[in-house]
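Observations on the three-dimensional arrangement
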Amino acid sequence: MIFGWMNQFAQSKRSQIIFFAAYVVLTSLGLYFIQDSVIAFLLLLFSILILYYLKLSNKAKWIMGFLILAILVPLSASHGSAYQSYMEVGTLVGIYAAMSLGLNIVVGFAGLLDLGFIAFFAVGAYTYGIFASAQASKFMPFGHYPLPGDTFWLFIIAGALIASIFGILLGIPVLRVRGDYLAIVTLGFGEIIRIVLNNMDHPINITNGSMGISSITPPDFFGISIGNSSQFYYIVLAIFMVVMYIVTKLEDSKLGRAWKAVRDNEIAAQAMGIPLVRTKLAAFAIGASFSGMMGTVFAAKQMFVDATSFTYLESTMILVMVILGGMGSVPGVILGAAVVTILNTQVLTEISNWLNQLSTTGAIAIPDALSPAKMQRLIFGILLIVFALYRSQGLIPHKNKKVNAEELKKAASEGSSSPEAGSPSPETALVNESRTTGGVDL
Amino acid sequence: MLQQIIQILPQVIIDGLTLGFVYAVVAIGYTMVYGILELINFAHGDVFMTGSFIGAAVLFFMMSVGFLSSLPSLIVFIIVMAITAIVTGLMGVGIERVAYRPLRKRNAPKLIALITSIGISFVLEDVVRFFAELKTGNYIITSPPLFNQKMTLDIHSVMPVFNKITFQSSFILVFIVTIIMLIALDIFVNRTKWGMAMRAVAQDRETASLMSINVNRVISITFFVGSALGGATGVLFMIQYGTIDPYIGFILGIKAFTAAVLGGIGNIRGAMLGGILLGLLEMFAAANLSTITHGAMGAEYKDVFAFIILILVLIFKPEGLFGKAVVEKV
Amino acid sequence: MNILEVRNLTKQFGGLTATSNINMDVKKNSITAVIGPNGAGKTTFFNMITAVYKPTSGDILLNGKSLVGLKPHQVSKFGITRTFQNIRLFHDLTVLDNVLVGMHQRLKSHWAGTLLRLPKTRHEEKEAKVAAYKILQYVGLADYVNENAANLAYGAQRRLEIARAIAAKPRVLLLDEPAAGMNPKETKKLTDLIHDMRTRLDVTIILIEHDMKLVMEISDFIYVLDHGELIASGIPEQIRNNKRVIEAYLGKGAVSNAQ
């Protein structure tokens, strides 16, 4: 009986909407009234995932998703002490989701394992960091530094461009390397960039070396200085929406098909006229540009950058997001990014704090070494192993976009010069001059 | 400038050889696994690291029960090496069983196996950190003193262009032990039944299995030998360099992989030569980069230097210096 | 008129000669078969035409223009596409997308056009999908448009490879053992398809095939390779009775028995 009821629910659009609305209202109210409840906050975020599975048109989902994220979440969280920390989590999820979508183009669509992806994030961060602080005056022969905060908006674009140029520059040599060697070469490049950034304080001081760059100018929006997480949240949300748009549009385009063709079979892809290097470079460049944009935001938000934020561990973390969510699956990767970020910033620290409390009250003694906040590597490692072994398609497996076969059939028969319906008439599709149809039975 | 470089050259060679031998043995682990499974076993660097910690643990234990003072150091050393090699060898077999064999069975893409190996490497790093921190309160461990007498070789008096060389007595140990391991491995691979089976599987797994070779067992043996060697080298590393932490395996692993590629991946003798070559190059760079670039770049760029070698070799000579090119079958 | 001319084509792998001094003249709009025992160098020959391998020496001319030195994707632009002996579909793409990838170099749209949603780009995509659907109707796979290529039956996969190849509107179509693994009924359908493609699509077809019945029935001209060398060429009747060919296939001494 329950099964039948569930089935009915799966079919009925109206009951789904009612359920969803009820869920959103309840969780928002929950968050509004119980401000310190992380659970209410997470449940409200979870509504986006429910939305994804509803039987609604894509447009409706986009609009509702946007409304929830842009209005409902900030509003219901806004009047408590934890407001900024919630928005901080939202901002981080947005940053990492955009980056995972970038890595997903490289790994999920084009099938190239990049283990140094964080380097592009670093490039974006340092680009803004250097010029929006006094650092640039140490080596630039002209100009006045730090640049004012309203240049931040230009730097988002500059970050994307410079990161994609780096993507291409690294890609040109790297893509000559075959298959699995690519992983180790990208890893090498990631480390090279980190070490170079960490040491470029001599002979010319460009990055201030291991000291990092501090007092970076916050962004300026028509005279309002942006310094709060709740403000950065909107910047990140906007960029994330742009990234989403680019990814979903490209996935079903000529370029997107070319990426997947290269992933599935390089030799056949080439034989079909796909230029291998250019296609892979496009994946590198576009993926890198997302990271570059978010790097700029990251530098502005932290007001400080140094090379320790861009290690191999960070690269792997983004890879974990992609693998966990599902390689090639856009909703999956976003979910993966959200889960890992929340795990990392909320769950692990919450548990650690809780355990600490228990230890101090003497209830149980948990050695400091076992503190969950320190166990990132273990958790990432286990996630990678378990998902690779048992669910390599991830939490939300990738699905190919289906076309409406009936519509195509109709269009095909309309455009056909052949008199008898249903009989195949490929010549219009294949050659320009039409010939008589021989009654072929295929 | 040249004079300066020549002066310290003997010291550079000694240090480079020490490091090079470590790379060589670890590189063998990569090259053997790649030769057979065409898999970059990312976890291998961390098997090496785990070996160094197991070695340290055994050593500390023996110290606490007083063996270290009652037994000759050499015997202690041999016991530590043997225990570590067996444990890490079995660990390698276990890793293959748990993480790679299921994927091989269902013919999963290579990408997936690479990802599992990254996962294993992370798990090893954190488990080792956990135990080290639990026992000592710090994950950076300083090993008990063993073979750390300072020695000086005064070649300056014979050939005045060179400076004196100083080294620890452990250097001689590293030198002798790695050479013994390399020779033993070479004999094992080229002269024994299992070595022959290993080479057969590397050439053509299917045909080998038709020739009634137990492929899975050969793969297990490969992992055992490679990991045992890696773990034992971890012990040598610990004794030679004194301090270890759970993250030494990562960079050293990549460098050892570089060495394996340099020598032509799948080629065991090539990996030995590649390791020694890389060790020498790296030490040369570390000692002289600052002199050559007039202070613009110092020893901190030695890792960059090693990675650039890796990238250049992979791009321009992916078959390595001693390997053969393979043509993909269409 | 010859559309494809092959001059003294030689390929060596290390010390091993895979093909040596092959000469061929393929007439426009003909069906030409390349046959020979296993390891005769047939696929190597195809790989050289499609630039997967670079010839050690010799030349390949399409309408008088040399193809040697081009990249594989450029050869496809010149109007040569192929299928593969060991099926190489894009297995995680849908059947329709496989065909759309075949159209890749004919589609003019640019990624910027996609992002800006230019009417031209959207129109082209829509047209391409309809065209791809028609090609699938033509090879009899229209019912599977949304299926993943990996889920198709073996014979259907071979037909999808052909669909993907003709989507590029080739002037020369290379078929590498298209009938391998097919049952007689499927082979018959394939024979009809090849015949029909020649007349309707105005394409020159070169095929490698082991099914002698199919080869003899379909080909205008046959080249026979053995140990990398061209040992015979001619119309089917000539090949059927050629002593060297029978020897190559059945071994010496078989000739008298066969006659």
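Predicted, not measured: the structure shown is a model, and the values here were computed from it.

**Topic: the overall build of chain C**
Scanning chain C from terminus to terminus reveals 11 helices and 10 strands. Its C-alpha atoms give chain C a radius of gyration of 19 Å, near enough to 18 Å, the size a compact globule of 259 residues would have. Taken over the C-alpha atoms alone, chain C extends approximately 70 × 40 × 35 Å along its principal axes. Counting all 259 residues of chain C, 49% fall into the buried class. Sequence separation of 24 or more characterises 65% of the internal contacts of chain C that already satisfy a separation of 6 or more.

**Concerning the overall build of chain A**
Along chain A, the regular secondary structure elements total 17 helices and 2 strands. Taken along its principal axes, the extent of the C-alpha atoms in chain A is 85 × 65 × 50 Å. Across chain A, every contact between residues at least 6 apart in sequence was considered, and the portion connecting residues at least 24 apart equals 73%.

**Some thoughts on the sheet that holds strand β2 (residues 16-27) of chain C**
Residue and element names in this part refer to chain C. Strands sit in the order β2-β1-β4-β5 across an open sheet of 4 strands; the sheet is antiparallel. Here the strands that pair on one side only, and so sit at the sheet edges, are β2 and β5 (65-66). Bridge count between strand β4 (residues 57-62) and β5: 2 bridges; the pairing is antiparallel. Bridged to Leu-61 within β5 is Ser-66. Of the strands in this sheet, β1 (2-13), β2 and β4 are in contact with helix α1 (residues 42-49), which crosses β2 at around 65°.

**Brief notes about the interface of chain A and chain C**
Bring the parts together and some accessible area is lost; that lost area is often taken as the interface size. Taken together, the contact between chain A and chain C spans 41 residues of the former and 51 residues of the latter. Contributing elements (two or more residues each) for the side of chain A that touches chain C: α9 (229-251), α10 (254-264), α11 (266-271), α16 (405-414) and α17 (427-430) of chain A. When residues in the side of chain A that touches chain C are grouped by element, the largest group, 7 residues, is from α10 of chain A.

**What to know about the packing of α9 of chain A against helix α12 (residues 276-302) of chain A**
Residues and elements named next belong to chain A. Relative orientation of the contacting elements α9 and α12 amounts to 180°, with a least axis distance of 11 Å. Relative to α12, α9 is oriented roughly antiparallel. Across the interface between the two elements, Phe-232, Ile-235, Val-236, Ile-239 and Val-243 from α9 touch Phe-290, Met-293, Met-294, Val-297 and Lys-301 from α12. Class assignment for the residues of the contact of α9 with α12 results in 9 nonpolar, no polar and 1 charged.

**Side note on helix α5 (residues 83-109) of chain A**
Residues and elements named next belong to chain A. Along its 27 residues, α5 runs 37 Å from first to last C-alpha, staying within 8% of the 39 Å computed at 1.5 Å per residue. Residue Leu-103 marks the point of greatest curvature in α5, where the axis turns by about 35°. The buried fraction of α5 amounts to 23 of the 27 residues, a majority that puts the element mostly inside the structure. Directly after α5, the chain includes Gly-111, whose backbone phi takes a positive value near 70°.

**What about the sheet that holds strand β9 (residues 221-226) of chain C?**
All names here are of chain C. Spatially, the 6 strands line up as an open sheet ordered β6-β7-β8-β3-β9-β10, and their pairing is mixed. One side of each edge strand has no neighbouring strand; the edge strands of this open sheet are β6 (80-82) and β10 (229-234). Averaged over all pairs of adjacent strands, the angle between their axes in this sheet comes to 20°, without regard to strand direction. Examined bridge by bridge, β9 and β10 share 5 bridges and lie antiparallel to one another. Residue pairing in the sheet places Val-224 in a bridge with Ala-232 of β10. Seen against the sheet, helix α10 (residues 243-250) touches β9 and β10 and runs at an angle of roughly 130° to β10.

**Quick word on helix α6 (residues 110-136) of chain B**
Residue and element names in this part refer to chain B. Between its first and last C-alpha atoms α6 spans 39 Å; for 27 residues at 1.5 Å apiece the expected length is 39 Å, and the two agree. Counting buried residues along α6, 19 of its 27 residues qualify, which places the element largely inside the surrounding structure. Following α6 by one or two positions, Gly-137 has its phi on the positive side, about 85°.

**Describing the environment of Ile-87 of chain C**
All names here are of chain C. Checked against the element boundaries, Ile-87 lands in the loop between β6 and α3 (95-102). Since 19 C-beta atoms lie within 10 Å of it, Ile-87 is described here as partly exposed. In the structure, Ile-87 is positioned 23 residues away from Gly-64 in sequence and 31 Å away in space, judged by C-alpha atoms. Once you skip the residues sitting within four places of it in the chain, Ile-87 turns out to touch Gln-157, Arg-158 and Glu-161.

**Focus: the environment of Val-225 of chain B**
Positionally, Val-225 of chain B belongs in helix α10 (residues 215-241). In the structure, Val-225 of chain B is positioned 136 residues away from Gly-89 of chain B in sequence and 6.3 Å away in space, judged by C-alpha atoms.

**Digging into the confidence of the model for chain A**
Here chain A averages 85 in pLDDT, and 93% of its residues register 70 or above. Low pLDDT, under 50, characterises residues 417-442 of chain A; the stretch is placed with 43 contacts to residues that sit more than four places away or in other chains.

**Here we look at the nonpolar core**
Of all hydrophobic cores here, the largest spans 313 residues; its most connected members are Ala-24 of chain B together with Ala-132 and Leu-136 of chain C. Residue assignment places this core across two domains, with domain 1 (1-81) and domain 2 (85-338) of chain A each supplying three or more. Apart from the residues within four sequence positions on either side, Ala-132 of chain C is in contact with Leu-96, Val-99, Leu-100, Met-103 and Ala-167 of chain C.

**Re the environment of Glu-125 of chain C**
Its place among the elements puts Glu-125 of chain C in helix α5 (residues 119-139). Accessibility expressed as a C-beta count within 10 Å gives 18 for Glu-125 of chain C, which makes it partly exposed.

**Some points on the confidence of the model for chain C**
All names here are of chain C. In this model, chain C carries a mean pLDDT of 90, and residues with pLDDT of at least 70 account for 97%. Looking at the elements of chain C, mean pLDDT is at its lowest for helix α11 (residues 254-258), recorded as 51, and at its highest for α3, recorded as 96. With a pTM of 0.90, the predicted complex shows an ipTM of 0.91.

**Observations concerning the packing of helix α2 (residues 9-37) of chain B against helix α11 (residues 248-262) of chain B**
Residue and element names in this part refer to chain B. Across the interface, α2 lies against α11 with an axial gap of 8 Å and an inter-helix angle of 75°. Relative to α11, the element α2 lies roughly perpendicular. On α11, the residues touching Tyr-23, Ala-24, Val-26, Ala-27, Tyr-30 and Thr-31 of α2 are Leu-252, Lys-255, Ala-256, Phe-257, Ala-259 and Ala-260. Class assignment of the residues belonging to the contact of α2 with α11 gives a composition of 10 nonpolar, 1 polar and 1 charged.

Rules of the game
- Residues numbered from 1 in each chain as written.
- Chains lettered and ligands numbered in written order.
- Predicted model: local features only at pLDDT ≥ 70, side-chain atom pairs only at ≥ 80, totals over all residues.
- Helix = DSSP H or I, 4+ residues; strand = E, 2+ residues; numbered from the N terminus.
- Rg over C-alpha atoms; globule rule 2.2 N^0.38 Å.
- Buried ≥ 20, exposed ≤ 12 C-beta atoms within 10 Å, placed from the backbone.
- Contact = placed C-beta atoms within 7 Å.
- Pairing = 2+ DSSP bridges.
- Axes fitted to C-alpha atoms, helices over the stretch in contact; angles between N-to-C directions.
- Parallel < 35°, antiparallel > 145°, perpendicular 65-115°, else oblique.
- Nonpolar A, V, L, I, M, F, W, Y, C, P; charged D, E, K, R; others polar.
- Expected span 1.5 Å × (residues − 1).
- Bend = angle between axes of the 7 residues up to and from the residue.
- pLDDT = per-residue confidence, 0-100.
- Core = buried A, V, L, I, M, F, W, Y, C linked by C-beta atoms within 7 Å.
- Domains from an automatic or database assignment.

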